[in-house]
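Here is what each chain is made of, one letter per residue.
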Amino acid sequence: MLQTGVHVYEDHSWWTILQNFGFNTINRLAQTARSQMQSAIASGNGQFMTYEMATTIGWSRSALLDDMDCSLRGMLHGYKAVFLPNVSVPQMGVHHYWPLIKQRTRWCQGGIQCFKQYGRRIVASKQIKASLKIDILLLLALPFASLIYTLAGIISIIVFGHSLLVHLGATLIVLGLLLALSIIINGAMIYAAHLSAPTETYTTKQKVIILFLQPLYAFIQSPVVYISMSRELLGKRDWAKTAHYKHLAQPTERHDAVIQDKLTSSSIDPAKPREEDISQK
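These lines cover the structure that appears in this document, whether it is placed above or below. (Residues numbered from 1 in each chain as written. Predicted model: local features only at pLDDT ≥ 70, side-chain atom pairs only at ≥ 80, totals over all residues. Heavy atoms only, no water.)

### Brief notes about the packing of aromatic side chains
Next up, step 1: Inspection of the entire model under this criterion finds six aromatic pairs.
Next up, step 2: When the ring of Trp15 is compared with that of Tyr217, the centres are 5.8 Å apart and the planes differ by 85 degrees; the resulting orientation is edge-to-face. Here Trp15 is found in helix α1 (residues 14–37), whereas its partner Tyr217 is found in helix α7 (residues 204–219), with 202 residues between them in sequence.
Next up, step 3: Given the relative accessible area of 4%, Tyr217 is considered buried.
Next up, step 4: When the ring of Tyr97 is compared with that of Trp98, the centres are 5.2 Å apart and the planes differ by 70 degrees; the resulting orientation is edge-to-face. (Phe/Tyr/Trp six-rings, centres within 6.5 Å; stacked < 30°, edge-to-face > 60°. Helix = DSSP H or I, 4+ residues; strand = E, 2+ residues; numbered from the N terminus. Buried < 20%, exposed > 50% of the residue type's maximum accessible area, 1.4 Å probe, protein only.)

### Thoughts on helix α8 (residues 223–234)
Next up, step 1: The end-to-end C-alpha separation of α8 is 17 Å, in line with the 16 Å expected for twelve residues at 1.5 Å each.
Next up, step 2: If you check which residues of α8 are buried, you get Val224, Val225, Ser228, Met229, Arg231 and Glu232. Taken down its axis, α8 places every buried residue within 165 degrees of arc, on the same side. Those residues of α8 that are exposed and angled more than 90 degrees off the buried face are Leu233 and Leu234.
Next up, step 3: If you follow the buried residues of α8, they end up packed against α4 (97–124) and α5 (130–166). (Expected span 1.5 Å × (residues − 1). Arc of directions from axis to C-beta. Contact = heavy atoms within 4.5 Å.)

### Description of α7
Next up, step 1: Relative to the 22 Å expected for 16 residues at 1.5 Å per residue, α7 spans 23 Å between its end C-alpha atoms, a close match to the ideal helical length.
Next up, step 2: The principal kink in α7, of about 55 degrees, is found at Leu213, preceding the proline Pro215 by one to four residues.
Next up, step 3: For α7, the full list of buried residues reads Gln206, Ile209, Ile210, Leu211, Gln214 and Tyr217.
Next up, step 4: Contact partners of the buried residues in α7: α1, α4 and α6 (168–196). (Bend = angle between axes of the 7 residues up to and from the residue.)

Listed below in structure tokens is the structure:
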């Protein structure tokens, strides 16, 4: 399998900028590391697989995290995936809070399902290297760990709120140190992702938004893990298409312009058949 990078092409709001940071930076770094270990995993869009793998593994219609499901079954059968950090496909962002929560809930619950279905097989597999096993198992176990540290985060905010009333100076220093640590970590990820793909850059405005608002963006997604666990325990496994826009089912004019620019820059005329296509016919 071949997996390209993925980025959110809309950069006009802090909401979509932070979604793009998740795809274009965090996911890019993780996929690069996995590819160096042994094999990347399918991630959203931009997958290309051989006919042999497609017919042998197939694509599950019932898995909530179908790309991960396909990747894990492929690894267990000895197939590998290569990640291309310098190639990226555009993806539409989610523009409203609850549709984003529904999207991330599906991803989270899908990860729980993959952990339950493939966890033991991954541990016992002789096809997957130990380092990649650890990475995948940690990724799949993340929802379970989130139950604890999300609750701990909520309690910490309550404690900090009380401390602000009692020990204002000391509490502000601690909050400042935590923000500084977050800025350093996110800044390091931006720099590392740029090294792996020099063409993927952020503007100064985008960097400021990422460095200062990423903690808030992560916190407001706290309900995801609890909704996911509840749905899984109740046996609710229905799949809902992500609503990127509240009242829009078709891509925007901006999206059309981006796609047209890509076609123009690559010297491809979508209306003109290629010679090899004609010869194959």
